[in-house]
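Summary of the model geometry
Chain by chain, the residues:
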Amino acid sequence: MSRGQVPILDDGGASPDGRRMEYRPLTSLWSNHCPSIIGIDPTTILRRLASDKETMHAVASYLNHPHINDLREETAAVLGHHLHAHASHWSALHPHNTKPHPVNVVLFALQKVNIPEETRRTILGGVEKEADLVQHVRRHLARDKWKVETEIPMESSRADLVAFAWKDLERKIIAIELKNNYAACDRLFGQIKDYRTTSDEVRVVLTPQAALECGLAEGTLHEPLKFLARVKQAGASLHVYDATDDRFAIAHSASGDYDRKKWSEMWKKLNEVVTATA
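Counting of residues starts from 1 at the beginning of each chain's written sequence and follows it residue by residue. Two thresholds apply to this predicted model, a pLDDT of at least 70 for residue-level local features and 80 or more for giving and counting side-chain atom pairs, whereas whole-chain, interface and lining totals are computed over all residues. Hydrogens and waters are ignored; side-chain quantities use all the structure's heavy atoms.

**Quick notes on the overall build of the protein chain**
Here a strand is any run of E in DSSP of at least two residues, a helix any run of H or I of at least four, and the numbering for each starts at the N terminus. Along the backbone of the protein chain there are 10 helices and six strands. Burial classification: accessible surface area is computed with a 1.4 Å probe over protein chains only, and a residue below 20% of its type maximum counts as buried, one above 50% as exposed, and the rest as partly exposed. Across the 278 residues of the protein chain, 50% fall into the buried class. Counting contacts in the protein chain only where the partners sit at least 6 residues apart, residues at least 24 apart contribute 62% of the total. Shrake-Rupley sampling with a 1.4 Å probe provides the accessible areas, and residues are treated as covered by the protein chains on show and by no other component. When the accessible surface of the protein chain is split by element, carbon and sulfur atoms take 49% of a total near 13700 Å². Contacts: residue pairs with any heavy atoms within 4.5 Å of one another.

**Quick notes on the environment of L178**
Along the chain, L178 falls in strand β3 (residues 170–179). Distance in space between the C-alpha atoms of L178 and V134 is 7.3 Å, their sequence separation being 44 residues. Here L178 is in contact with E130, L133, V134, V137, D160, L161 and V205, once residues within four sequence places are set aside.

**Here we look at the pairing of strand β5 (residues 237–242)**
Of all the six residues making up β5, six are buried; the element is thus mostly covered by neighbouring parts of the structure. Of the two faces of β5, both are covered, the one formed by S237, H239 and Y241 as well as the one formed by L238, V240 and D242. A pair of strands is treated as paired once DSSP finds two or more bridges between them. Summarising the sheet, strand β4 (residues 201–206) and β5 pair through four bridges and their orientation is parallel. Its bridge partner lying in β5, V204 is registered against L238. From the end of β5 to the start of strand β6 (residues 247–252), which pair antiparallel, there are four residues, and D246 there has a positive phi angle of about 55°.

**Describing helix α6 (residues 130–143)**
In an α-helix, one full turn covers 3.6 residues, which means residues spaced three or four apart are oriented alike. To estimate how far a helix should extend, the number of its residues minus one is multiplied by 1.5 Å. Under the 1.5 Å per step criterion, the end-to-end length of α6 is 20 Å for 14 residues, consistent within 8% with the ideal 20 Å. Within the sequence span of α6, burial applies to D132, L133, H136, V137, H140 and L141. Viewed along the axis of α6, the buried residues span an arc of 160°, placing them on a single side of the element. Where α6 is buried, its residues contact β1 (147–154), β2 (157–167), β3, β4, β5 and β6. Phi turns positive one or two residues past the end of α6, at K145, with a value near 70°. Summarising the geometry, the arc corresponds to the directions from the helix axis toward the C-beta atoms.

**Topic: the nonpolar core**
Within the largest apolar cluster, 62 residues are counted, with the highest numbers of intra-cluster contacts made by I38, L49, L83, L110, I173, V204 and F227. In terms of residue count, the dominant contributor to this core is helix α4 (residues 102–112) (seven residues). Buried Ala, Val, Leu, Ile, Met, Phe, Trp, Tyr and Cys residues that are joined via side-chain atoms within 4.5 Å together make up what is termed a nonpolar core. Grouped together as the second largest cluster of nonpolar side chains are 14 residues, W146, I174, I176 and V205 included.

**Some details on the environment of S31**
Along the chain, the position of S31 falls in the segment before α1 (43–50). Taking relative accessible area as the criterion, S31 reaches 23% and is therefore assigned partly exposed. Here the alpha-carbon distance between S31 and D41, two residues 10 residues apart in the chain, equals 8.4 Å.

**Let's talk about the packing of aromatic side chains**
Classification of ring pairs uses Phe, Tyr and Trp, with its six-membered ring standing for Trp, and accepts pairs whose centres are within 6.5 Å; under 30 degrees between planes counts as stacked, over 60 as edge-to-face, and the remaining range as tilted. Under the definition given, this model contains nine aromatic pairs. Between the aromatic rings of W166 and W267, the centroid separation amounts to 6.4 Å while the plane-to-plane angle is 90°, which identifies the pairing as edge-to-face. Taken together, the residues span a long stretch of sequence, with W166 in strand β2 and W267 in helix α10 (residues 260–277) at a distance of 101 residues. A relative accessible area of 59% places W166 in the exposed class. By relative accessible area, W267 is classed as buried at 10%. When the ring of F189 is compared with that of F227, the centres are 6.2 Å apart and the planes differ by 70°; the resulting orientation is edge-to-face. Separated by 38 residues along the polypeptide, F189 in helix α7 (residues 188–196) and F227 in helix α9 (residues 226–233) bring together distant segments of the chain. Here F227 falls in the buried class, since its relative accessible area comes to 1%. Pairwise contacts between aromatic rings join F164, W166, Y258, W263 and W267 into one cluster. We call a charge positioned over a ring when the NZ of a Lys or the CZ of an Arg lies within 6 Å of the ring centre and within 35 degrees of the ring normal. We note R230 situated over the ring of F189; from NZ or CZ to the ring centre the distance is 3.9 Å. The cationic tip of R260 hangs over the ring face of W263; the distance from NZ or CZ to the ring centre is 4.7 Å.

What follows is the structure in structure tokens.
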């Protein structure tokens, strides 16, 4: 092994000079106590990344791994170990006093690196267009026995979806806004304000890829939760839908006051729509 070269592990976990070395899977990079920039447990994303050697190599290269060329022929397990170690090193050397968590460093690089968009979407659980998100969310709501209507006017906005039903002996209305990228969020907080007056809950639904884009657009690696905090402060819950696994996770829940008269009018209107289309 040349001077200054990092030990490259083989499948048996041995370095070229015969020393036994333990290597850490990429999925161990995250722990429950650290804030993830996407608001939810990123282990599934790390697992998908760890199974894709080409993308791991691209991410390590984007983060300027000093021995990237030596890793080209290594196994996915070895490459994952080195990406784990390098992201931790990158984080430790970050100039800000509050160091970014290594998992957010990897997610940041995954969003920025030059790879096929289909690959990025698959790893990050994204969708190509918002219409794809509509059908998935509507299907999950219907499965949970919610009635669902689309494009319902509320104040000066129009909710993508409105779910309503009797739940726990009470009538419930949920206004749902779907966002597939940060550019679509220019009116989000005005929409949340409009929906709050007529709904028990306002729910913003993002894919992990969209949550990552929003987090990077409004925050920094050492302050990754600015966007998520703004959504919660506005009085909206945030749900994250992983399209690759067809799975929802709740980043946070929120509730607020509504106008009882406007709520009653909305409940009547929604049921009239159902009756008219029956």
